[in-house]
Amino acid sequence: MRARLKNLATGGQIQFICDEPVAEKMDRVIIFADGRMVSRVTTPAGVVIVAEKS
């Protein structure tokens, strides 16, 4: 995820799904990749996160 976010152009977004333990760590990973979290939605299948390159 970090590599994909780093390769995006500024303003580009990426959406992915993960389980709760991984989602807890994503804030830090996204910030280190020069991004920000746009949304985080918990579903029965897992946590859907949308991140944007800043």
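The structure contained in this document is the topic of the report that follows. In this text, all values refer to a predicted model and were calculated from it rather than measured experimentally. (Residues numbered from 1 in each chain as written. Predicted model: local features only at pLDDT ≥ 70, side-chain atom pairs only at ≥ 80, totals over all residues. Heavy atoms only, no water.)

What about the overall build of the protein chain?
Move 1: Check the secondary structure of the protein chain and you find two helices and three strands.
Move 2: When the helices and strands of the protein chain are placed in sequence order, the string is α-β-α-β-β.
Move 3: In terms of overall dimensions, the protein chain is globule-like: its C-alpha atoms have a radius of gyration of 10 Å, near the 10 Å expected for 54 residues.
Move 4: For the protein chain, the spread of C-alpha atoms along the three principal axes comes to 30 × 15 × 15 Å.
Move 5: Classification of the 54 residues of the protein chain by burial places 33% in the buried group.
Move 6: Within the protein chain, contacts between residues separated by at least 24 positions form 54% of all contacts whose residues are at least 6 apart in sequence.
Move 7: Side chains of the protein chain carry 8 positive and 6 negative charges; the gap between the two charge centres is 7 Å. (Helix = DSSP H or I, 4+ residues; strand = E, 2+ residues; numbered from the N terminus. Rg over C-alpha atoms; globule rule 2.2 N^0.38 Å. Buried < 20%, exposed > 50% of the residue type's maximum accessible area, 1.4 Å probe, protein only. Contact = heavy atoms within 4.5 Å. Lys, Arg positive; Asp, Glu negative; His and termini not counted. Charge placed at Lys NZ, Arg CZ, Asp CG, Glu CD.)

A closer look at the nonpolar core
Move 1: Of all hydrophobic cores here, the largest spans 12 residues; its members are L5, I14, F16, C18, A23, M26, V29, I30, A33, V47, I49 and A51.
Move 2: Per element, the largest residue contribution to this core is four residues, and it comes from helix α2 (residues 20–32).
Move 3: For V47, the contacting residues outside a window of four places in its chain are F16, I17, C18, E20, A23, R40, V41 and T42. (Core = buried A, V, L, I, M, F, W, Y, C linked by side-chain atoms within 4.5 Å.)

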